[in-house]
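As a plain string of letters, each chain reads:
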Amino acid sequence: MLRENFNDLIYLVMVARECSFTRAAAKLGVSQSALSHSIRGLEERLNTRLLTRTTRSVAPTEAGENLIQSVAPMMADIEKALLQLADNQGKPSGNIRITAGEHALSSTLWPLLKPFLQAYPEVNVELSVDNTLTDIVSGRFDAGVRLGESIEKDMVAVRIGPDWKMVTVASRDYLQKHGIPATPYELQNHNCINMRLPTLGGLYSWEFSKDGKDIRVKVEGQLIFNNLASRIDAVLAGMGIAHVPEDTVKQHIANGELQCLLEDWTEPFSGYYLYYPSRKQHTAAFEKLIEAIKYKG
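Small disclaimer: the values here were computed from a predicted structure and weren't measured.

The rules behind each value
Residues numbered from 1 in each chain as written. Predicted model: local features only at pLDDT ≥ 70, side-chain atom pairs only at ≥ 80, totals over all residues. Heavy atoms only, no water. Pairing = 2+ DSSP bridges. Helix = DSSP H or I, 4+ residues; strand = E, 2+ residues; numbered from the N terminus. Axes fitted to C-alpha atoms, helices over the stretch in contact; angles between N-to-C directions. Right-handed = clockwise from strand over helix to strand, strands pointing away. Buried < 20%, exposed > 50% of the residue type's maximum accessible area, 1.4 Å probe, protein only. Arc of directions from axis to C-beta. Contact = heavy atoms within 4.5 Å. Parallel < 35°, antiparallel > 145°, perpendicular 65-115°, else oblique. Left-handed = near helix turned anticlockwise from the far one by under 90°. Nonpolar A, V, L, I, M, F, W, Y, C, P; charged D, E, K, R; others polar. Expected span 1.5 Å × (residues − 1). Bend = angle between axes of the 7 residues up to and from the residue. Phe/Tyr/Trp six-rings, centres within 6.5 Å; stacked < 30°, edge-to-face > 60°. Lys NZ or Arg CZ within 6 Å of the ring centre and 35° of its normal.

Engineer: What am I meant to see in the sheet that holds strand β12 (residues 242–245) here?
Structural biologist: Within a sheet, neighbouring strands are paired by backbone hydrogen bonds and run either parallel or antiparallel to one another. With antiparallel pairing, 3 strands are arranged side by side in an open sheet as β12-β7-β13. Of all strands in the sheet, those bounded by a partner on one side alone are β12 and β13 (258–261). Mean inter-strand twist for the sheet, computed between neighbouring axes without regard to direction, equals 45°. Note: strand β7 (residues 166–171) against β12, 4 bridges, orientation antiparallel.

Structural data, given as structure tokens:
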């Protein structure tokens, strides 16, 4: 009875985590029908419905969520104990889940991860690209990557990248037609390529700094995107002015496709940080990851 329930509870936690029988079955290495049969058997033994199933998604019921919240930490502890055993044998292994914004991933995290993964082939890393301020605890992530200024005080933060800055750019064709803004306030008279903030649903106010004075400017324009690549494509096409990370358009500025504006109003950020809960007990694989990607500049 204990063994049967234990296996079924593992299956339940995985289905709830993946919100899908198909994905859960693939990760567990069992058939979808066997997985569904196992969950139904658990529900019958407990005489309680644990999952709500629709044609598009699967979600825990209130009873199911309560059960998962009770057993998931214990299962995580068991998994960590097994991983620790492997670590003690000199083979760091296991799964690490990290959430990061698209620029944080492409500019900083991914270049650091590539040599780490080659050095530790037994470590599996799952990367979730998300521009929101994700709650890594409720999202069951081991860590996240953000600017230091937006990390909660109860998190451990480890710097992983150098300073970087945002730049305001436009194509020469656009500037010839519409003129060059002399101050950030003059951007309000231009066609600016906006970014939608997924967390609040509002538009990003462009940030500038000069002589210790910080200002935010709300701009307007014909285009709004929620991803970086499309904004860069639009500014290259001459469709307006964009405010983007410098490294993403550095080559376009160097070859003359884009012109940098308001340069004396731009000051750098203090780089990206990997953050994680201070109370979380980590495996040797995670400790090796921190050691490998910590900023050494």
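Still more ground to cover, so stick around.
Engineer: Please explain the pairing of strand β4 (residues 123–129) as it appears in this structure.
Structural biologist: In summary, the side chains of a regular strand alternate between the two faces of the sheet. Bridge analysis of strand β3 (residues 94–100) against β4 gives 7 bridges, and the strand direction is parallel. Among the inter-strand pairings, isoleucine 96 is bridged to a residue of β4, identified as valine 125. Regarding the hand of the β-α-β motif, the stretch spanning β3, helix α5 (residues 102–119) and β4 is right-handed.

Engineer: I keep staring at helix α9 (residues 284–293) and nothing clicks. Help me out?
Structural biologist: One turn of the α-helix equals 3.6 residues, which is why residues spaced by three or four share an orientation. Turning to α9, its buried residues number three or more, namely Ala285, Phe286, Leu289, Ile290 and Ile293. Seen from one end, α9 has its buried residues packed into an arc of 140°, which puts them on one side.

Engineer: Just checking my understanding: could you explain the environment of leucine 274 for this structure?
Structural biologist: Take leucine 274: it is sitting in strand β14 (residues 272–277). With relative accessibility at 0%, the residue leucine 274 sits in the buried group. Here the alpha-carbon distance between leucine 274 and valine 145, two residues 129 residues apart in the chain, equals 4.6 Å. Leave out the neighbours within four places in its chain, and leucine 274 touches Ile98, Ala143, Gly144, Val145, Val156, Ala157, Val158, Ile160, Phe286, Ile290 and Ile293.

Engineer: When you look at the packing of α5 against α9 in this model, what are you seeing that I'm missing?
Structural biologist: Pairs of packed helices are described in terms of their axes, by the angle between the two and the distance that separates them. It is the contact of α5 with α9, at a shortest axis distance of 10 Å, that shows an interaxial angle of 120°. What the angle tells us is that α5 and α9 run oblique. You can see that α5 and α9 cross each other, and the crossing is right-handed. Residues Leu109, Leu112, Leu113 and Phe116 of α5 form the contact with α9, whose participating residues are Ala285, Lys288, Leu289, Ala292 and Ile293. Tallied by class, the residues present in the contact of α5 with α9 amount to 8 nonpolar, no polar and 1 charged.

Engineer: Explain α5 to me, please; I cannot follow it from the model alone.
Structural biologist: Relative to the 26 Å expected for 18 residues at 1.5 Å per residue, α5 spans 24 Å between its end C-alpha atoms, a close match to the ideal helical length. Along its length, α5 shows its largest kink, about 50°, at leucine 109, and proline proline 111 lies within four residues downstream of that point. Looking only at α5, the buried set comprises His103, Ala104, Leu105, Thr108, Leu109, Leu113 and Phe116.

Engineer: For this particular structure, what's the right way to read the environment of methionine 166?
Structural biologist: By secondary structure assignment, the location of methionine 166 is in strand β7. The buried category is assigned to methionine 166, whose relative accessible area is 12%. Linking methionine 166 and methionine 155, residues 11 residues apart in sequence, is a C-alpha distance of 26 Å. Look past the residues within four positions of methionine 166 in its chain and what remains in contact with it is Tyr204, His243, Val244, Pro245, Glu246, Thr266 and Phe269.

Engineer: When you look at the packing of aromatic side chains in this model, what are you seeing that I'm missing?
Structural biologist: Any two aromatic rings considered together are summarised by their centre-to-centre distance and by the angle between their planes. The final tally for this structure, using the stated rule, is 4 aromatic pairs. Where tyrosine 276 meets phenylalanine 286, the ring centres are 5.3 Å apart and the plane angle is 85°; that geometry is what we call edge-to-face. With tyrosine 276 in strand β14 and phenylalanine 286 in helix α9, the pair connects residues that are 10 residues apart, well separated along the chain. Tyrosine 276 gets classed as buried once you look at its relative accessible area, which sits at 11%. The exposure class of phenylalanine 286 is buried, given its relative accessible area of 2%. If you follow arginine 97 out to its NZ or CZ, it ends over the ring of phenylalanine 141, 4.3 Å from the centre.

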